[in-house]
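Observations on chain architecture
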Amino acid sequence: MVALRRGKNRRVASAVAALLTPAGVISFFLALWRAAADLNWTNSFAIPSGLFSHWQVWLGAAALLQTCAHLLNRYGRGGDAAAS
């Protein structure tokens, strides 16, 4: 069980946050790629139709992933906002 050892949840939160940050960056660049494809600055986007063919979805996903990573990092540090 995860909650039995003190501090283990914080380490898991930090590890997950470390994985969410690159996922957020990738989502942001997919949003940029889709927007550039809409402006005919690049070739066609990899996903031509459906929910994930819109740049707004990718930008929202990037914001959500970065927010979750920030909150998990804050929890992993013990809630201390001034820690560096």
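Our structure's up above, just so we're on the same page.
Below or above, wherever it landed, is the structure these notes cover. All values derive from a computational prediction rather than experimental measurement.

1. Quick look at the packing of aromatic side chains
Aromatic rings considered in pairs are described by the distance between their centres and by the relative angle of their planes. One pass over the full model with this rule turns up three aromatic pairs. Judged by centre distance (4.9 Å) and plane angle (70 degrees), the rings of Trp-33 and Phe-45 are edge-to-face. Note that Trp-33 is positioned in helix H1 (residues 8–38) and Phe-45 in the loop between H1 and helix H2 (55–76), a separation of 12 residues in sequence. Classification of Phe-45 by relative accessible area gives buried; the value is 5%. Ring geometry for Phe-52 versus Trp-58: centroids 5.5 Å apart, planes at 45 degrees, classification tilted.

2. A look at H1
The end-to-end C-alpha distance of H1 is 45 Å, a good match for the 45 Å that 31 residues give at a rise of 1.5 Å each. Buried within H1 are the following residues: Ala-13, Ala-17, Leu-20, Gly-24, Ser-27, Ala-31, Arg-34, Ala-36 and Ala-37. Residues of H1 that are buried sit in contact with H2. In the stretch just after H1, Asn-40 is the one whose phi turns positive, near 60 degrees.

3. Concerning the packing of H1 against H2
The contact between H1 and H2 brings their axes to 7 Å, and the two run at 160 degrees. Regarding the angle of H1 to H2, the classification is roughly antiparallel. Crossing of H1 against H2: the hand is left-handed. Per-class residue counts for the contact of H1 with H2 are 20 nonpolar, eight polar and three charged.

What counts, and at which threshold
- Residues numbered from 1 in each chain as written.
- Predicted model: local features only at pLDDT ≥ 70, side-chain atom pairs only at ≥ 80, totals over all residues.
- Heavy atoms only, no water.
- Phe/Tyr/Trp six-rings, centres within 6.5 Å; stacked < 30°, edge-to-face > 60°.
- Helix = DSSP H or I, 4+ residues; strand = E, 2+ residues; numbered from the N terminus.
- Buried < 20%, exposed > 50% of the residue type's maximum accessible area, 1.4 Å probe, protein only.
- Expected span 1.5 Å × (residues − 1).
- Contact = heavy atoms within 4.5 Å.
- Axes fitted to C-alpha atoms, helices over the stretch in contact; angles between N-to-C directions.
- Parallel < 35°, antiparallel > 145°, perpendicular 65-115°, else oblique.
- Left-handed = near helix turned anticlockwise from the far one by under 90°.
- Nonpolar A, V, L, I, M, F, W, Y, C, P; charged D, E, K, R; others polar.

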